[in-house]
Every structure is written in structure tokens, then in C-alpha cells.
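Examination of the molecular architecture
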There are 2 protein chains.
Amino acid sequence: MAADEAATPVKRPRVTAEREREVLAATLQALSDTGYEALSMEDVAARAHCSKATLYRLWHNKAGLVSAAIRSSGPVRPAEVDTGSLRGDLITVAERLAQHATEDSRLYAALSHAILTDDELASAVQTALFRPDTEHVMRFIDRAVERGELTHRPAAADFLPQTMRSLAMSRPALDGTLLDSDYLARFIDDWVMPALLHT
Amino acid sequence: MAADEAATPVKRPRVTAEREREVLAATLQALSDTGYEALSMEDVAARAHCSKATLYRLWHNKAGLVSAAIRSSGPVRPAEVDTGSLRGDLITVAERLAQHATEDSRLYAALSHAILTDDELASAVQTALFRPDTEHVMRFIDRAVERGELTHRPAAADFLPQTMRSLAMSRPALDGTLLDSDYLARFIDDWVMPALLHT
DNA sequence: ACTCGATGAAACACTTGCGTTTCATCGAGT
DNA sequence: ACTCGATGAAACGCAAGTGTTTCATCGAGT
């Protein structure tokens, strides 16, 4: 029995850690469905199958819970992409964006007003959701330069991550359609690649 | 005294129409500040200096009031832009976007989650806010083609309005800074113009 | 000056949510 | 088997919002 417990140096925390992730996942779900302002602790408790008391024991209030939930969604790192060509890399990441467009855009929409006034929330969204993505895309550019596919880091590269991200986030709202990968592929071929190649 | 009343063929409605616009303007203000879900009728009534009873007499509920407010913001047409060059037109409209970036992005953020589920709201936002803007920008392209500045309507043009709009909407949220005109100029020169000129 | 419909202020009943507290129960370590 | 800290269920007081209703007042048309 020593072997059983050797895997868990700390007594109970590990069980709590699993549970915590479940609760935070339920929080993100509720957030997407309800929006930040209308999110209720009772709803989260029901989805997470835990009591409201437990929520308040672990986090102080709604803001804390939501911030924690957002930060917890960060470490889910996407597999590294390296197709050998800049266009291939971009298309791949675009398809990935399109796959998650529904959930992602709902989550972002749920938070977009709240982050304008809540600084902690804003930094959570920024570091957990946007920064990794931005760095990810920027690596494509650097690799393309190393390969000689681009002669230098184009000025347009500064706008690439934000544009892709904000297009993915706001297109559903703008015209009621979801992002499909065809649309993004056209964007890459008709806009992104020409801009990168000619600056 | 016949002259005084000659200006008002209808008895009271005209007075109500002015008042209505004030109330709807107050609604938009409250919406930007509070967000759609947390918007309260009491808040609107206080800002508009009218009673809650009046709000419910003129509109049936919150959804109706907000939709009306959004539609009322449509007719405020921006002055037509025509600087003689595509770049000039784009810079001008970009600066105009930047000027209103704070209020506009707050308003959009306030609505972005609600429009995912409320169809009437979605169509109000689309027709009143986005469609006029899109047509406006598209006219730049057409004129540039007529002038011979572009040999044809570039494929990238399809993405231009959405790209500009979504940047204006989401950049404040993404990195906490507002749009300034230097940034926008770089955006046009390094990102938009190359894409338009090389497709 | 008078009338009458529209308005504002305020209270209404009702619902919902927050954050706290109480208490019975459960389950891991001894 | 026993103990003790953590949990879930449920109720709490409090605050806020919805949509309605009442009533006093105001102001435009006669």
C-alpha cells in the first residue's frame, strides 16, 4: 500500500485538483451560454454538481471564479504546427480556428464587455487566450524567414494574429454565419499571403 | 399664432418624437456602460429623466426598447468621404473609426453576446450599424477602380470592411489600448494597401 | 378658465441572485 | 470502528430588477 500512496505525496489536494478542473470547465460552459453579467453561481453549481457553498469556499466571488476558469483554459496547449510552408501553417491554424469557432466566439462574446471594466478579467483573457495564440502565429513567420521563404520579417506580420483572431471572433456576429474553413482559406490566399509577401 | 401651429400639422406626436430620440439616446448610453444583460429599465428611466411607466407605455419590454434604440442610431449617416485617392479615403475612415472607437467598441461589446441568441437584436445591429458601413467602404474600392487606381476589384476587397470593423471593435479588448491614428496609418499602409494592390 | 389625456413618482407583488450560515452526511486516515 | 475535516442541501437576509398599478399633477387644445 505504500506504492499506492507514493503517487500522491500530498494528502487530498490531488482529488481536489481534478474536481476543480471540472468545476472550472462547467464555469466556462455556463459563461458561454449565459454571458458574464447574467452568469449565476447557482447555475454553475448545478452544472458542476456541487454546492454553492463549495464555490464560495474555493473562490471568493463570481469574478474570482470566472478569472480562474479562464486561466485554467490556458494550459490546454494546441499541438505545435509545422507543415513546412508558411501557407500550410496558416491554413492549418485557420482550420483549427474554424473548428472551435462556435464555442470560442460565444465565450469571447460573453466576456467582451466585462473585460472593458474588470482589469483582472482582462488580463486573464489576454494572457490565457490571446497571447499564446499570438506567439504561436508569430513563430510561423520566424520559421518562414529562417527557411528563406520570406526575405525578412514583413511589417504586415504585426497585424496578422489580431486580424485573424478578431475575424474569427466577430464574423458570426457581423453577418450571422459561422466561420468555415473555406472562408478562412480565401482570406489567407487573397489577403494574408499577398500582404506578407509585399511588405 | 396660426404661424406657430402651422409648423406642427400633427398635434402632439412631434414633441413625442423628440423626446423619444432622447430616451433612445439615453438607452444607448446605458447600454454601453452597463452591457445588455445588466441593463435595467430603472437606469434608463433615470438617465432619460422619465418614469419607468412611460418606458413600458412606449415599448413593451427591454428587448423592444434596445432594438428601437439601435435602429434609431442608424440614420445618423456619416458624411461622405472622397479624398481623391484610395489611401486617403481609407485613412480618413480609419481616423473616424478611431475617434469613435471607445464608444463604439463598448456598444458592440455590450451587444455581442446578446445578438447570438436574439434574432431581432441581431438584425437591428446588422442593418443599423454594420451594413451602412460596409457599403460605405465598398464605394471606395469602386471609385478607385473607376479612377484607374486599381485595375480591377481585388479579391481582398471582400474582406476589407470586416477586417477594419473587427479591428476597431476588438483591439481595445485585445491589448487594452485604444486605436490611435499612427497605428491606423500603419495598419492601412502595411496591411490593407498591400493586400488590395497585389490581388 | 376648463377639460382631459399623458406624464412622473412611488409603491406594488413577484422573481432572481448574492454571499452566508446551519446542519446532517460522507469518506479518508488512524 | 472512530474521528474529523470537507462536502451538499437548504434556508437565510438582503439587494436589485421586472412589469403593473395607483394617484396626483401638468400642459396642450377648446
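What this report covers is the structure whose coordinates are included nearby.

How each quantity is defined
- Residues numbered from 1 in each chain as written.
- Chains lettered and ligands numbered in written order.
- Predicted model: local features only at pLDDT ≥ 70, side-chain atom pairs only at ≥ 80, totals over all residues.
- Heavy atoms only, no water.
- Least-squares fit on C-alpha atoms with pLDDT ≥ 70 in both.
- Contact = heavy atoms within 4.5 Å.
- Phe/Tyr/Trp six-rings, centres within 6.5 Å; stacked < 30°, edge-to-face > 60°.
- Helix = DSSP H or I, 4+ residues; strand = E, 2+ residues; numbered from the N terminus.
- Buried < 20%, exposed > 50% of the residue type's maximum accessible area, 1.4 Å probe, protein only.
- Lys NZ or Arg CZ within 6 Å of the ring centre and 35° of its normal.
- Axes fitted to C-alpha atoms, helices over the stretch in contact; angles between N-to-C directions.
- Parallel < 35°, antiparallel > 145°, perpendicular 65-115°, else oblique.
- Nonpolar A, V, L, I, M, F, W, Y, C, P; charged D, E, K, R; others polar.
- Polar contact = N/O pair within 3.5 Å; in protein donor to acceptor, adjacent residues only side chain to side chain.
- Salt bridge = Lys/Arg side-chain N within 4 Å of Asp/Glu carboxyl O.

**Quick word on the relation of the copies chain B and chain A**
Note on the identical chains: chain B maps onto chain A by a rotation of 180 degrees and an axial translation of 0.1 Å, with an RMSD of 0.3 Å. Taken together, the rotation angle and the small translation identify this as a two-fold axis. Scanning chain B for the C-alpha nearest the rotation axis identifies A195 of chain B, at a separation of 2.3 Å. Residue by residue, 98% of the interface of chain B is reproduced at the interface of chain A, so both copies engage with the same surface.

**A look at the packing of aromatic side chains**
For any pair of aromatic rings, geometry is given as the distance between the ring centres together with the angle between the planes. Taken as a whole, this structure holds nine aromatic pairs over all chains when the rule is applied. Measuring from centroid to centroid gives 5.9 Å for Y108 of chain A and F130 of chain A, while their planes differ by 70 degrees, and the two rings are edge-to-face. In this pair, Y108 of chain A sits in helix α7 (residues 101–112) while F130 of chain A sits in helix α8 (residues 119–147), placing the two residues 22 residues apart along the sequence. Judged by its relative accessible area of 10%, Y108 of chain A falls in the buried class. Put simply, the rings of F159, Y183, F187 and W191 of chain A together with F159, Y183, F187 and W191 of chain B pair up and form one aromatic cluster. Over the ring of Y36 of chain A we find K62 of chain A, and its NZ or CZ is 5.4 Å from the ring centre.

**Some details on the environment of L129 of chain A**
Within the secondary structure, L129 of chain A sits in helix α8. Residues in contact with L129 of chain A, not counting those within four places in the same chain, are I70, S73, A124 and R165 of chain A.

**Some details on the packing of helix α5 (residues 62–72) of chain B against helix α8 (residues 119–147) of chain B**
All names here are of chain B. One can describe the packing of α5 onto α8 by two numbers: an axis separation of 8 Å at closest approach and a directional angle of 10 degrees. Taken together, the axis directions place α5 and α8 in an arrangement best described as roughly parallel. Residues V66, S67, I70 and R71 of α5 pack against E120, L121, S123, A124, V125, T127, A128 and L129 of α8. Residue composition of the contact of α5 with α8, grouped by class: seven nonpolar, three polar and two charged.

**Focus: the environment of S166 of chain A**
When you line up the elements, S166 of chain A lands in helix α9 (residues 160–175). Sequence-wise, S166 of chain A and S105 of chain A are 61 residues apart; in three dimensions their C-alpha atoms are separated by 9.5 Å. Among residues more than four places away in sequence, those in contact with S166 of chain A are R171 of chain A together with S166, L167 and S170 of chain B. A distance of 2.8 Å separates a polar atom in the side chain of S166 of chain A from the backbone oxygen of Q162 of chain A. Reaching out from S166 of chain A, the side chain makes a polar contact with the backbone oxygen of T163 of chain A at a distance of 3.4 Å.

**As for helix α5 (residues 62–72) of chain A**
Of the residues making up α5 of chain A, those classed as buried are L65, V66, S67, A69 and I70 of chain A. The backbone nitrogen of A63 of chain A has a side-chain oxygen 3.3 Å away, supplied by the residue at the start of α5 of chain A, namely N61 of chain A.

**A look at the pattern of salt bridges**
This model, assessed by the stated rule, comprises 28 salt bridges over all chains. For D33 of chain A, the salt bridge is made with R47 of chain A, and the minimal N-O distance between the two is 3.1 Å. Of the two residues, D33 of chain A sits in helix α2 (residues 13–34) while R47 of chain A sits in helix α3 (residues 41–48), which places them 14 residues apart along the sequence. Where D158 of chain A meets R186 of chain B, a salt bridge forms, and the shortest distance between an N and an O atom there is 3.5 Å. Here D158 of chain A is found in the loop between α8 and α9, whereas its partner R186 of chain B is found in helix α10 (residues 181–197) on a different chain.

Distances and angles like these do not, on their own, reveal function.
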